[in-house]
Amino acid sequence: MAENDKRKRILNAASEIISEKGLKDSTITEIAKKASVVDSIIYHYFKNKEDLLFCALNAHINSSIAAINFQLQGIIGAAPKLGKMLWVHLHSNDYNQGNERIVKRLLLECRANKNFYTHKSYNSLKEYAGVLTGLLKEGVAEGAFRSDLNIAVAAGND
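Quick caveat, the model's predicted, so the values are computed rather than measured.

K.L.:
Would you mind going over the pattern of salt bridges with me for this structure?
P.N.:
Applying the stated criterion across every chain yields a total of five salt bridges. A salt bridge links Lys-81 to Glu-138; its shortest N-O distance comes to 3.2 Å. Taken together, the positions of Lys-81 in helix 5 (residues 78–95) and Glu-138 in helix 7 (residues 122–142) put the pair 57 residues apart, joining distant regions of the chain. The shortest N-O distance in the salt bridge between Arg-146 and Asp-148 comes to 2.7 Å. A residue is classified by how much of its surface remains accessible, and Arg-146, at 60% relative accessible area, is exposed. You can call Asp-148 exposed: its relative accessible area is 52%.

See below:
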């Protein structure tokens, strides 16, 4: 439990600092200080600062996926599910503005880094986008959405 708590504190500290200063201007020492750990502990969990960035975003994305999947339980039909997914996003933006800004900045930082696309954390981003594309495909199959809907464009993959 304590190990998991340390890792979580490091991820939270990294999220805040990297989203504020960017990866280049953030240091392991300041992240460690904010997380109340020594620098070397960070390297116990993460290869380097870049890995830490990717894993920090991954933690946020996985949390979002879990929240959306929970909210979609019991909803029948693609259109109501899509509406609920949008509601979750809007609610999150309204009530977690600080956290949402952090996630957006981490996402921009990761997407600007070519190494992100070969890191295991990229799979979580693809999974998250897959929730949306899955709902859109479901809606087309049900006839709830137009059959000429360009799902790749709607999901931001084009």
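K.L.:
What am I meant to see in unusual backbone geometry here?
P.N.:
Leaving glycine out, the prevailing phi sign among residues is negative, and the prevailing peptide bond configuration is trans. The phi torsion at Ser-36 lies on the positive side, around 60 degrees, for a residue other than glycine. With respect to the secondary-structure elements, Ser-36 resides in the loop between helix 2 (28–35) and helix 3 (39–45). Residue Ser-36 is classed as exposed on the basis of its relative accessible area, which comes to 58%.

Rules used in this analysis
- Residues numbered from 1 in each chain as written.
- Predicted model: local features only at pLDDT ≥ 70, side-chain atom pairs only at ≥ 80, totals over all residues.
- Heavy atoms only, no water.
- Salt bridge = Lys/Arg side-chain N within 4 Å of Asp/Glu carboxyl O.
- Helix = DSSP H or I, 4+ residues; strand = E, 2+ residues; numbered from the N terminus.
- Buried < 20%, exposed > 50% of the residue type's maximum accessible area, 1.4 Å probe, protein only.

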